[in-house]
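# Tertiary structure, described
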Amino acid sequence: MEQGFASLVAFGSCIALILTCLAVGLWWVSTGLRLRTWPDRQTIIIGTICLAAPASILALSLLAQDRLDPFNRSSFNSQVWKTCVKDRNSRRGGMTRSLLRHHLRPGMTKAEVLALLGPPDGEGGANSEHLRDEDKRLNRSVLLYALGAWSGFRMDEDFLSVIFDNSDRVVAVLWWQS
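Below: a short report on this structure. (Residues numbered from 1 in each chain as written. Predicted model: local features only at pLDDT ≥ 70, side-chain atom pairs only at ≥ 80, totals over all residues. Heavy atoms only, no water.)

### Comments concerning the pattern of salt bridges
- By the definition in use, this model includes 2 salt bridges.
- The residue Arg92 makes a salt bridge to Asp121 at a minimum N-O spacing of 2.6 Å. Of this pair, Arg92 sits in helix H4 (residues 92-102) while Asp121 is found in the loop between helix H5 (110-117) and strand S1 (122-124), placing the two residues 29 residues apart along the sequence.
- The partner of Lys110 in a salt bridge is Asp168, and the shortest N-O contact between them spans 3.8 Å. Linking Lys110 in helix H5 with Asp168 in the loop between strand S3 (158-164) and strand S4 (170-177), this pair joins segments that are 58 residues apart in sequence.
- For Lys110, a relative accessible area of 18% gives the class buried.
- Taking relative accessible area as the criterion, Asp168 reaches 33% and is therefore assigned partly exposed. (Salt bridge = Lys/Arg side-chain N within 4 Å of Asp/Glu carboxyl O. Helix = DSSP H or I, 4+ residues; strand = E, 2+ residues; numbered from the N terminus. Buried < 20%, exposed > 50% of the residue type's maximum accessible area, 1.4 Å probe, protein only.)

Take a look at the structure:
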């Protein structure tokens, strides 16, 4: 089973369970209010479980989110990044979150980025199709790195665009899917 599909199924199951628990809990509360009686001990336990379960499931799913993320599988390693082959299963994809969180920062020079990531898989200037309209208007340049096919159902390739201003400093990093 593909990782993207598995996480989608897990997310859908969590949402269905949360909604079911909330519906049962609300039914329990409304029944007690209509009867104007305090429920017995067993009903209190069941109602508490039904109302507490959604919060627990949501907390667990948020904790597991990073573990299910295919872009968060390993710490960034410059040597591994530089030697990765450009294919659908590139190890770059698994290091992307670590790269963006801890290594690649706005204001870095193009030389620093090249030292960190190595030569790009593509690059372009103002006419590059990988730039936003604003970046084209400002005549910015871009270095393009292929990450492999990691998001969704792994049908499309993922890319990282590092965008530089006219003084060759990083102004933006875009992570996108083709």
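### Here we look at the sheet that holds strand S2 (residues 141-148)
- Pairing is antiparallel across the open sheet formed by 4 strands, whose spatial order is S1-S2-S3-S4. What marks the edges here is a single partner per strand, and that holds for S1 and S4. Ignoring strand direction, the axes of neighbouring strands in this sheet form an average angle of 20°.
- Relative to S2, S1 is paired through 3 bridges, and the arrangement is antiparallel. Bridged to Gly122 within S2 is Leu144.
- Each of S2, S3 and S4 is contacted by H4, which is oriented at about 130° to S2, the strand it contacts most. (Pairing = 2+ DSSP bridges. Axes fitted to C-alpha atoms, helices over the stretch in contact; angles between N-to-C directions. Contact = heavy atoms within 4.5 Å.)

### What to know about the pairing of S3
- Where burial is concerned, most of S3 is hidden: 7 out of the 7 residues are buried.
- Of the two faces of S3, both are covered, the one formed by Asp158, Leu160, Val162 and Phe164 as well as the one formed by Phe159, Ser161 and Ile163.
- Here S2 runs beside S3; their pairing, made up of 7 bridges, is antiparallel. Its bridge partner being in S3, Tyr145 is matched across the sheet by Leu160.
- Here S3 runs beside S4; their pairing, made up of 7 bridges, is antiparallel.

### A short note on the packing of aromatic side chains
- Considering all chains together, one arrives at 3 aromatic pairs under this definition.
- Here the aromatic rings of Phe76 and Trp81 are separated by 5.8 Å at their centres, their planes lie at 55°, and the arrangement is tilted. Residue Phe76 shares its accessibility class with Trp81, and that shared class is buried.
- Grouped by ring-pair contacts, the aromatic residues Phe76, Trp81 and Tyr145 constitute a single cluster.
- A cation sits over an aromatic face here: Lys110 above Phe164, 5.1 Å from the ring centre. (Phe/Tyr/Trp six-rings, centres within 6.5 Å; stacked < 30°, edge-to-face > 60°. Lys NZ or Arg CZ within 6 Å of the ring centre and 35° of its normal.)

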